[in-house]
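Structural characterization, general
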Amino acid sequence: MSSRSRSQISLHTGGQSATMEEINMIKRPSKTESYAPVSHGQLIEIIKQEAEDQLHDYNFLDEHYGLSPKNGENTGAKLFGVLSYESDISPDISLSIGLRNSYDQSLAVGVCMGAKVFVCDNLMFSGDIRVSRKHTGDVLEDVQKMISNSMSIAPMRHRDLLRDAESMKDFDLNDDEAWSILGMGYGRGILRPRQLLASKEAWLKPPQEEFEDRNLWSLYNAMTEALKSSSARDVLESHSRAHGLVMNQGMKMLNGIEVRQVA
């Protein structure tokens, strides 16, 4: 495991970090006519195998998992995780794969591909590559096909994310412009009240010197720093929506283009 690796999973809603051994100890429920469970461990293995088969220019970096709830009748019913792969094309931003699954029918099987910024361990999920499938019928076969298809284009989308990061660096902004973008994030339900304050604090006093420049990239990382407190259930969606906000409404605002809500 790389020395750059740190835990990426927020578990503020009663969850706990978990090893593969602990994950495999959680008993998968039985299949019924209307419900077809997917094994936590099997989902992870599918992702790893597809990555090995298709991510030829990437090397496995690290993996972090969480199980929720901590105790009770449904202990470990929900699984969340992030696997990361590094490449020479970007030593500072890895390709990351977020996943989720459940044994209590509360969550569909979900996989999202994005990036991780090493210096701060922040996640970048654009939402362009997302797999979601309810636990019904031939769910395992369908999920494997969707993951395989998504993995085939993941390197291209990773390069797009690297370009997004470089584009953000080209947009300088002052405090008032930063407040406007953060305000949109709060108004659109991306940032919760405490996350709004945490984003402001991270903008005013960047926790890493790499984000001291007053540009959109620094503000984006102030937001994703605050989003580390998202529940494991919401982390993929919140990061995806933050990325969309900055790359669309944020850039339009800084370009002087009228910003409208997109349904």
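**Some points on the overall build of the chain**
Within the chain, the regular secondary structure consists of seven helices and seven strands. Mapped from its N terminus to its C terminus, the chain presents α and β elements in the order β-α-α-β-β-β-β-β-β-α-α-α-α-α. The 263 residues of the chain split such that 52% are buried. Pairs at least 24 apart in sequence give 67% of the contacts found in the chain among residues at least 6 apart.

**Describing the environment of Lys48**
As for its position among the elements, Lys48 is in helix 2 (residues 40–54). Here the alpha-carbon distance between Lys48 and Leu83, two residues 35 residues apart in the chain, equals 8.5 Å.

**A short note on the pairing of strand 7 (residues 130–133)**
With burial as the criterion, only one face of strand 7 is covered, namely that bearing Val131 and Arg133; the residues Arg130 and Ser132 on the opposite face remain uncovered. With four bridges joining them, strand 5 (residues 109–117) and strand 7 adopt antiparallel strand pairing. For Gly110, the partnering residue across the bridge sits in strand 7 and is Ser132.

**Here we look at the side chain of Asp164**
Along the polypeptide, Asp164 turns up in helix 3 (residues 139–169). With a relative accessible area of 12%, Asp164 lands in the buried category. In contact with Asp164, other than residues within four places in its own chain, are Arg157, His243 and Met247.

**Notes on the pairing of strand 2 (residues 59–68)**
Among the ten residues in strand 2, seven count as buried, and that is most of the element. Pairing of strand 1 (residues 16–18) with strand 2 involves three bridges; the strand directions are antiparallel. Bridge pairing in strand 2 links Ser17 to Gly66.

Cut-off values and rules
Residues numbered from 1 in each chain as written. Predicted model: local features only at pLDDT ≥ 70, side-chain atom pairs only at ≥ 80, totals over all residues. Heavy atoms only, no water. Helix = DSSP H or I, 4+ residues; strand = E, 2+ residues; numbered from the N terminus. Buried < 20%, exposed > 50% of the residue type's maximum accessible area, 1.4 Å probe, protein only. Contact = heavy atoms within 4.5 Å. Pairing = 2+ DSSP bridges.

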